[in-house]
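Survey of secondary and tertiary structure
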Amino acid sequence: MVRSITQLRKAKMSYPWTRTLDVETAAPVDGVIKGIIPAWLEGSLVRNGSGIYQIGETRFNHLFDGLSVIHKFSIKGGRVTYMNKALKSEAYKKDIGANRIVVSEYGTKGFPDPCLTFFGRFMNRFSIPNAGEVTDNCSVNLCYHGDALYAMTETKLLRRVDAESLETLGEIVDVGKYVAVHHNSSSTCFPGWNGVQHGQHPWLQSVLQLC
């Protein structure tokens, strides 16, 4: 049986790893422990990734496009807790505020304003985002500079995150104001330890010192 492109897209986006986050786990919850965690083992693991795929009646088309969700696992006193929060980026605020995807991502074009004419909605599909429309949906990586934690993506925009509460802090950090980088570049989200990886210069530390 031949399935339409829409049916195939819906099937792909129904995989377990594309489940959308409906409610944040804003307060730490205890995990179920099997075995014994050594008393000396203590610390936190913080990770981010795409986590919100459905907004209103619209859905992201690509695995990498979902709105960023920050996850935190903490180990202390033989216990493990988990919590998460959505990154409150400008992309998040615009999408949630409009109850539809309005900020274009890697593989998903923002849905046009329903108040536009038919011709306006049609032409919107061919518009190219300008520099001011680059997404700050930082869902690819996290990096510490001193005790400051930053969320990153493959654009020139970073967002600072509170490592304890996972709240989004301050304004957008625009790397392009400090060093010459492409609007979209994998080097912005994979700086590596001490700012060096894959032959990249340690630009990130210099930038964050200026911010």
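Notes on the structure follow. Please read these numbers as outputs of a predicted model, since none were measured by experiment. (Residues numbered from 1 in each chain as written. Predicted model: local features only at pLDDT ≥ 70, side-chain atom pairs only at ≥ 80, totals over all residues. Heavy atoms only, no water.)

This structure, assessed with the given rule, holds seven salt bridges. Of the charged contacts in the structure, one is a salt bridge between Arg-79 and Asp-30, with a shortest N-O distance of 2.7 Å. Note that Arg-79 is positioned in strand S6 (residues 79-86) and Asp-30 in strand S1 (residues 29-30), a separation of 49 residues in sequence. Across the salt bridge formed by Glu-164 and Lys-72, the nearest N and O atoms sit 3.5 Å from each other. Of this pair, Glu-164 sits in the loop between strand S9 (157-161) and strand S10 (168-174) while Lys-72 sits in strand S5 (residues 67-76), placing them 92 residues apart in sequence. A residue is classified by how much of its surface remains accessible, and Lys-72, at 5% relative accessible area, is buried. (Salt bridge = Lys/Arg side-chain N within 4 Å of Asp/Glu carboxyl O. Helix = DSSP H or I, 4+ residues; strand = E, 2+ residues; numbered from the N terminus. Buried < 20%, exposed > 50% of the residue type's maximum accessible area, 1.4 Å probe, protein only.)

This part is about unusual backbone geometry. Of note, Asn-99 is a non-glycine position whose phi angle comes to about 60°, a positive value. Inspection of the secondary structure puts Asn-99 in the loop between helix H2 (90-98) and helix H3 (118-124). With phi around 70°, Leu-166 is a residue other than glycine that occupies positive phi space. Summarising the element assignment, Leu-166 is placed in the loop between S9 and S10. A residue is classified by how much of its surface remains accessible, and Leu-166, at 1% relative accessible area, is buried.

Spatial ordering of the open sheet is given by S1-S6-S5-S2, a layout of four strands whose pairing is antiparallel. Two strands bound the open sheet, and with one partner strand each, they are S1 and strand S2 (43-52). Judged from the two bridges that link them, S1 and S6 form a sheet pairing that is antiparallel. Across the sheet, residue Asp-30 finds its bridge partner in S6, namely Thr-81. (Pairing = 2+ DSSP bridges.)

This part takes up the environment of Tyr-150. One can find Tyr-150 in strand S8 (residues 148-152). For the pair Tyr-150 and Asp-162, spaced twelve residues apart in sequence, the C-alpha separation works out to 8.7 Å.

Another aspect to go through is the pairing of S10. Two elements, S9 and S10, share four bridges in a ladder whose sense is antiparallel. Within S10, the residue paired with Leu-158 across the bridge is Val-173. Connecting S9 to the antiparallel partner S10 that follows it, the hairpin turn spans six residues, and Leu-166 within it adopts a positive phi of roughly 70°.

Further remarks concern a nonpolar patch on the surface. Among the surface-exposed residues, Leu-63, Phe-64 and Tyr-106 lie close enough to one another that they form a single nonpolar patch of about 360 Å² accessible area. Classification of Tyr-106 as exposed rests on a relative accessible area of 62%. (Patch = residues over 30% accessible without salt bridge, like charges linked within 9 Å, V, L, I, M, F, W, Y side chains within 5 Å. Areas by Shrake-Rupley, 256 points an atom, 1.4 Å probe, with all protein chains shown as cover.)

Val-46, Ile-70, Met-83, Leu-87, Cys-138, Leu-142, Leu-149, Ala-151, Val-161, Ala-163 and Leu-166 together form the largest nonpolar core, which totals eleven residues. When residues no more than four places from it in sequence are discounted, the contact partners of Ile-70 are Val-46, Arg-47, Asn-48, Met-83, Asn-84, Lys-85, Leu-142 and Leu-166. Counting residues in hydrophobic clusters, the runner-up holds nine residues, among them Phe-60, Leu-67, Ala-86 and Ile-101. (Core = buried A, V, L, I, M, F, W, Y, C linked by side-chain atoms within 4.5 Å. Contact = heavy atoms within 4.5 Å.)

Moving on, we get to the pairing of S6. The element S6 is extensively covered by neighbouring structure, given that six of its eight residues are classed as buried. Following S5, the chain reverses through two residues before pairing antiparallel with S6; Gly-77 in that reversal takes a positive phi of roughly 60°.

Right, let's get into the sheet that holds S10. With antiparallel pairing, four strands are arranged side by side in an open sheet as S7-S8-S9-S10. Only two strands of the sheet have a single neighbouring strand rather than two, namely strand S7 (141-145) and S10. Between one strand axis and the next, the sheet turns by 30° as a mean value, whatever way the strands run. Where S8 and S9 come together, three bridges link them in antiparallel fashion. Pairing of Ala-151 across the sheet is with Arg-159, part of S9. (Axes fitted to C-alpha atoms, helices over the stretch in contact; angles between N-to-C directions.)

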